[in-house]
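Observations on chain architecture
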Amino acid sequence: MTASTPPRRILTVCLGNYCRSPFAARVLADLGGAAVEVRSAGLAAAWQEAHPEMVAVAAVLGYDLTGHRPTRVTRELIEWADLVLAMDQSVLDRLYPLAGPDSTTPMRLYLDHDRDVPDPMGRSAVEFAYCALLIEAGAAVHLP
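As a starting point, this report considers the structure included with it.

About the cut-offs
- Residues numbered from 1 in each chain as written.
- Predicted model: local features only at pLDDT ≥ 70, side-chain atom pairs only at ≥ 80, totals over all residues.
- Heavy atoms only, no water.
- Pairing = 2+ DSSP bridges.
- Helix = DSSP H or I, 4+ residues; strand = E, 2+ residues; numbered from the N terminus.
- Axes fitted to C-alpha atoms, helices over the stretch in contact; angles between N-to-C directions.
- Contact = heavy atoms within 4.5 Å.
- Parallel < 35°, antiparallel > 145°, perpendicular 65-115°, else oblique.
- Left-handed = near helix turned anticlockwise from the far one by under 90°.
- Nonpolar A, V, L, I, M, F, W, Y, C, P; charged D, E, K, R; others polar.
- Salt bridge = Lys/Arg side-chain N within 4 Å of Asp/Glu carboxyl O.
- Buried < 20%, exposed > 50% of the residue type's maximum accessible area, 1.4 Å probe, protein only.
- Right-handed = clockwise from strand over helix to strand, strands pointing away.

Overall, parallel pairing links the four strands, which are arranged β2-β1-β3-β4 in an open sheet. Every other strand in the sheet has two partners, leaving β2 (36-42) and β4 (107-109) as the edge strands with one partner each. Across the sheet, the mean angle from the axis of one strand to that of its neighbour is 25°, orientation sign disregarded. Contacts from helix α1 (residues 20-32) reach β1 (8-14), β2 and β3 (83-86), with the element oriented near 175° to β2. Along the sheet, helix α4 (residues 89-99) makes contact with β1, β3 and β4, crossing β4 at roughly 175°.

And the structure:
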């Protein structure tokens, strides 16, 4: 990235902006540095912070989610982004109508080969760790 090249704007989206998308945004931001500007959002953002289990897993992996505050995805956020990454197919399917028929923002699943990042909500700590490792492993494909 040169001094005149703006950072690539990436939006990560999951259902609640509570587990997967905040972690994905942190990983992309930390690994991408000044080359990216990353935000996260959810279809429904009902919580006040990131899930405590995801905060703990993130910390073990070297990422800080303590300042995360869930945000609801909007058409404006989608238009802000150069790329929207959905954590699973059901989220992606719900993003298209929200973006509107005139949207030119590319949207795709976060993981390659059209794979979902499984939602760890209501599951064990092992499932949160597995989810985080999948997200971390999938990050490089989205970075310049």
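For the pair α1 and helix α5 (residues 125-138), the least separation of the axes is 9 Å and the interaxial angle reads 40°. As summarised for this structure, α1 and α5 are arranged oblique, according to the angle between their axes. For the pair α1 and α5, the sense of crossing is right-handed. Here Arg20, Phe23, Ala24 and Val27 of α1 come into contact with α5, specifically with Cys131, Ala132, Ile135 and Glu136. For the contact of α1 with α5, a count of residues per class yields six nonpolar, no polar and two charged.

To continue, consider unusual backbone geometry. Notably, asparagine 17 is not glycine yet its phi reads approximately 55°, a positive angle. Among the secondary structure elements, asparagine 17 is positioned in the loop between β1 and α1. Not every positive phi belongs to a glycine, and aspartate 114 is a case in point at roughly 55°. Within the element layout of this structure, aspartate 114 appears in the loop between β4 and α5.

According to the stated counting rule, one finds six salt bridges in the structure shown. In this structure, aspartate 88 engages arginine 20 in a salt bridge whose closest nitrogen and oxygen atoms are separated by 2.9 Å. One end of the pair, aspartate 88, is in the loop between β3 and α4; the other, arginine 20, is in helix α1, with 68 residues separating them in the sequence. The pair aspartate 88 / arginine 20 is uniform in exposure class, with both members buried. Note that aspartate 112 and arginine 108 form a salt bridge whose closest N and O atoms lie 3.3 Å from each other. Three or more residues are tied together by salt bridges with common partners; here these are Arg20, Asp88 and Asp119.

Right, let's get into the pairing of β2. Within β2, five of the seven residues are buried, which leaves it mostly tucked inside the rest of the structure. Judged from the seven bridges that link them, β1 and β2 form a sheet pairing that is parallel. Residue pairing across strands places arginine 9 opposite glutamate 37, the latter belonging to β2. Handedness of the crossover joining β1 and β2 through α1 is recorded here as right-handed.

Fair warning: the whole summary comes from geometry, so function is off the table for now.
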